[in-house]
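Chain and residue survey
Chain by chain, the residues:
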Amino acid sequence: MEPRKLSEFRREMEKIFDAVDVPDSCPRRIMEASQGNSSDPWNEDEDHRRFSESLPESFESFERGVEFLTAPPKSK
Amino acid sequence: MSTTLPSDYIPRFTRDEIRKRFGYFSECCQEYLEFFKSRHPTWELQFDPLVLMNVSISAMDDIWRWKVYHLREPQERRFSDAIKRATYFTKWLVKLRPIHFVNRPVVSAEFLSRFDKEETTLLINEYFAIHSSLSFLATDAKRDKIILAPKTMGRLLYHLHYRDITSDSLMIWYQLVATAAKNELIIMR
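Structural notes, computed from the coordinates. Quantities reported herein were computed from a predicted structural model and do not represent experimental measurements.

1. Things to note about the overall build of chain B
Across its full length, chain B holds 8 helices and 2 strands. Taking the principal axes of its C-alpha atoms as reference, chain B extends roughly 65 × 55 × 30 Å. By the burial criterion, 38% of the 189 residues in chain B qualify as buried.

2. So, the overall build of chain A
Looking only at helices and strands, one finds 3 helices and 0 strands in chain A. Starting at the N terminus, the α and β elements of chain A follow one another as α-α-α.

3. Focus on unusual backbone geometry
Residue and element names in this part refer to chain B. Unlike most non-glycine residues, arginine 97 shows phi in positive territory, near 55°. What makes arginine 97 partly exposed here is the crowd of 17 C-beta atoms within 10 Å. Within the chain, asparagine 103 stands out as a residue other than glycine whose phi angle is a positive 55°. By secondary structure assignment, the location of asparagine 103 is in the loop between strand S2 (99-101) and helix H5 (108-114).

4. Some remarks on the packing of helix H3 (residues 44-70) of chain A against helix H6 (residues 124-141) of chain B
Taken N-terminus to C-terminus, the directions of H3 of chain A and H6 of chain B make an angle of 130°; their axes are 9 Å apart at the nearest point. The angle between H3 of chain A and H6 of chain B places the two elements in the oblique class. The two elements H3 of chain A and H6 of chain B cross, and the hand of that crossing is right-handed. Contact residues: H3 of chain A offers Glu46, Asp47, Arg50, Phe51, Ser54, Leu55, Ser58 and Phe62 of chain A, while H6 of chain B offers Tyr127, His131, Ser132, Leu134, Ser135, Phe136, Ala138 and Thr139 of chain B. A class-by-class count of the residues in the contact of H3 of chain A with H6 of chain B yields 7 nonpolar, 6 polar and 3 charged.

5. So, the interface of chain A and chain B
On the side of chain B, 52 residues touch chain A, which itself brings 47 residues to the contact. Elements with a minimum of two residues in the side of chain A that touches chain B: helix H1 (3-20), helix H2 (28-33) and H3 of chain A. Ranked by residue count, the leading element in the side of chain A that touches chain B is H3 of chain A, at 21 residues. Partitioning the side of chain A that touches chain B into residue classes produces 21 nonpolar, 13 polar and 13 charged.

6. Description of the nonpolar core
Membership of the largest hydrophobic core comes to 48 residues, with the highest contact counts inside it found for Cys29, Phe128 and Leu137 of chain B. Looking at this core, the elements with two or more residues in it are H1 and H3 of chain A together with helix H1 (15-39), helix H2 (49-70), helix H4 (82-96), H6, helix H7 (150-162) and helix H8 (167-181) of chain B. Ranked by residue count, the leading element in this core is H6 of chain B, at 9 residues. If sequence neighbours within four positions are ignored, phenylalanine 128 of chain B has contacts with Cys29, Tyr32, Leu93 and Ile99 of chain B.

7. Digging into the environment of alanine 181 of chain B
Residues and elements named next belong to chain B. Residue position: alanine 181 is located in helix H8. Measuring from C-alpha to C-alpha, the distance between alanine 181 and arginine 143 comes to 7.6 Å, with 38 residues separating the pair along the chain. Residues within four places of alanine 181 in sequence aside, it is in contact with Leu137, Ala138, Ala141, Arg143 and Ile146.

8. Some points on the environment of phenylalanine 13 of chain B
Of note, phenylalanine 13 of chain B is situated in the segment before H1. Considered as a pair, phenylalanine 13 of chain B and threonine 166 of chain B are 153 residues apart in the sequence and their alpha carbons are 23 Å apart.

Quick notes on the rules
- Residues numbered from 1 in each chain as written.
- Chains lettered and ligands numbered in written order.
- Predicted model: local features only at pLDDT ≥ 70, side-chain atom pairs only at ≥ 80, totals over all residues.
- Helix = DSSP H or I, 4+ residues; strand = E, 2+ residues; numbered from the N terminus.
- Buried ≥ 20, exposed ≤ 12 C-beta atoms within 10 Å, placed from the backbone.
- Axes fitted to C-alpha atoms, helices over the stretch in contact; angles between N-to-C directions.
- Parallel < 35°, antiparallel > 145°, perpendicular 65-115°, else oblique.
- Left-handed = near helix turned anticlockwise from the far one by under 90°.
- Contact = placed C-beta atoms within 7 Å.
- Nonpolar A, V, L, I, M, F, W, Y, C, P; charged D, E, K, R; others polar.
- Core = buried A, V, L, I, M, F, W, Y, C linked by C-beta atoms within 7 Å.

Shown next, in the form of structure tokens:
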């Protein structure tokens, strides 16, 4: 999927998330009082780039891995 | 209500943070399904956003609990890392299984006419979890990608699908992959 369509898709998904009304598990006053935040040093863009670019090669490893799993036992 | 908290207090993830992770996994999942479609056009796969939401919330709750109860150094324990993300998202993706085959025929003739003997859809959630996790570990190791050897991939798929693999076992497994990805020694001889 081209990047523009993918980001449109993501916005749709986030609307679904909002519609489900997931409660805020950390009230804002607690966040502020803790003088920090719960964020992690997560580089979403870099992870996504690797996810997309390595998929074809990783898929070969997946299919060969399944072949290894389902191969009949070798006769002695 | 008093808002005085211990100096090392670690807040839970906020709704916005969970929303962001859910958005990320939705995008990846959609891309993943389209890739499968390009390789296997007869497979009709889909993911359920409600299940994926459940995965995101559960994994991030687990990461928060881990940070709170298992790390001692205040500076370190504020953050999770690629290994914990890999571990807990794998745990919940494999347990709740957001990806499924759509409308698999239940009439034998139709089933047989559409059945692909090479189909691997029983393992599709396990593979999504592994591939996502390896992307996290690759970024952390500053490598373009981590591709598992097929036998290693096969063994991990087997364990995730059939065995009772705990979060702690997964964490050490991903730790070993991360170590190898950074070209650090695992065995001396």
